[in-house]
Amino acid sequence: MNPFKGLGIALITPFNEDGSVDYEALIRLTNYQIENGANFLCVLGTTSESPTLTNDEKQEIVKTILRVNQSRLPILLGCGGNNTRAVVKEIETKDFTGIDGILSVCPYYNKPSQEGLYQHFRAISEASPVPVVLYNVPGRTGVNLQWQTTIRLANDCKNIIAIKEASGDLEQVDNIIKSKPNDFDVFSGDDALTFRMVNGGAAGAISVIGNALPQEFSQMIQLQMKGDMAAARKIHHRFHDLYSLLFVDGNPAGVKALLQQMGFIKNVLRLPLVPTRISTQQQIAEIIEKMKL
């Protein structure tokens, strides 16, 4: 049931100087991902600045990506929130043509119990006509989906097929991989931990750095899958300085600065997010020069 393996890209949303969506840049970036090693695309996740997008913009972004993609790669659509009824209603009324699955983040701010998280995702699973990928990112949501709850959901809800794990807790990740059903996968949600997570049995990553470097990051994962750890480790170490720089001023500020340096987009974010500091941009530019990108 799982069409998602390898490198998924948590796509950013490019903006023009006036703050409007830059659809021309979005088309270029989508084609760049498809042609340079991405295995699937994650659309309207948190890296897309989705909380700042209007419903009309979201619909147009999805239409644009589907038109460019032409079914070349699976599409994973961000669809989550902290109001279970609202998320279920959105799923029940959405046109899923061209969409292969949904990525649903843990409810944020209201900090439900583990039983509340279980019931929330079970309701989403029952409403969804496509596979569901859980998204655990306690640094943003304020609540951790514990590994026992993840396994309970994986066993009880057959269309919950994977989790994007961004807790930073490698012991928790190891417990999920050790205890999960065979048809349930784990994806890294932290670029810096992807090498270690894939070594431990993860099926790939849903990546931020992949927006700019899909070919290299995909190659690292594929080399690991083939057992060539030395070559994969070399790529991982090549990215070492970028991993921290891309997140030091928040996400997606870092990767947008990188993409601007590479000539893909304008370095524009929507408030309350702002571009990286000048010092961070300078460090990113120096690394790009060294990497000959």
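From a predicted model like this one, the values you see are computed outputs, not experimental measurements.

(A) Focus on the overall build of the chain. Each helix and strand counted, the chain has 13 helices and eight strands in total. The C-alpha atoms of the chain give a radius of gyration of 18 Å, which matches the 19 Å a tight globule of 293 residues would have. With respect to the principal axes defined by its C-alpha atoms, the chain has extents near 50 × 45 × 35 Å. Considering only contacts in the chain between residues 6 or more positions apart, those separated by 24 or more positions represent 71%.

(B) Structural detail: the pattern of salt bridges. Under the counting rule described, the total for this entry stands at nine salt bridges. Of the charged contacts in the structure, one is a salt bridge between Arg 152 and Glu 115, with a shortest N-O distance of 2.8 Å. With Arg 152 in helix 6 (residues 147–156) and Glu 115 in helix 4 (residues 114–127), this residue pair connects regions lying 37 residues apart in the sequence. Take Arg 152: its relative accessible area is 35%, and that puts it in the partly exposed class. Residue Glu 115 is classed as partly exposed on the basis of its relative accessible area, which comes to 38%.

(C) Fine view of helix 9 (residues 214–225). For helix 9, which comprises 12 residues, the first-to-last C-alpha distance of 16 Å matches the rise-based estimate of 16 Å (1.5 Å per residue) to within 8%. The complete set of buried residues in helix 9 reads Pro 214, Glu 216, Phe 217, Ser 218, Met 220, Ile 221, Leu 223 and Gln 224. In the core, the buried residues of helix 9 are packed alongside strand 1 (6–10), helix 1 (23–35), helix 8 (194–199), strand 8 (204–207), helix 10 (229–238) and helix 11 (240–245). The positive-phi residue at the C-terminal boundary of helix 9 is Gly 227, with phi of around 90 degrees.

(D) Structural context of the pairing of strand 3 (residues 75–78). Alternating positions in strand 3 separate into two faces, Ile 75 and Leu 77 on one and Leu 76 and Gly 78 on the other, with burial throughout. Two strands pair when backbone bridges link them, and strand 2 (residues 40–43) and strand 3 are joined in this way by three bridges, in the parallel orientation. When the bridges of strand 3 are listed, Cys 42 appears paired with Leu 76. The parallel pair strand 2 and strand 3, bridged by helix 2 (residues 55–69), forms a crossover whose chirality is right-handed. Pairing of strand 3 with strand 4 (residues 101–105), which is carried by three bridges, proceeds in the parallel orientation. The residue bridging Gly 78 from the neighbouring strand is Leu 103, located in strand 4. For the crossover from strand 3 across helix 3 (residues 84–93) to strand 4, the handedness is right-handed.

Each value, and the rule that gives it
- Residues numbered from 1 in each chain as written.
- Predicted model: local features only at pLDDT ≥ 70, side-chain atom pairs only at ≥ 80, totals over all residues.
- Heavy atoms only, no water.
- Helix = DSSP H or I, 4+ residues; strand = E, 2+ residues; numbered from the N terminus.
- Rg over C-alpha atoms; globule rule 2.2 N^0.38 Å.
- Contact = heavy atoms within 4.5 Å.
- Salt bridge = Lys/Arg side-chain N within 4 Å of Asp/Glu carboxyl O.
- Buried < 20%, exposed > 50% of the residue type's maximum accessible area, 1.4 Å probe, protein only.
- Expected span 1.5 Å × (residues − 1).
- Pairing = 2+ DSSP bridges.
- Right-handed = clockwise from strand over helix to strand, strands pointing away.

Bear in mind that shape data such as this cannot, by itself, settle questions of function.
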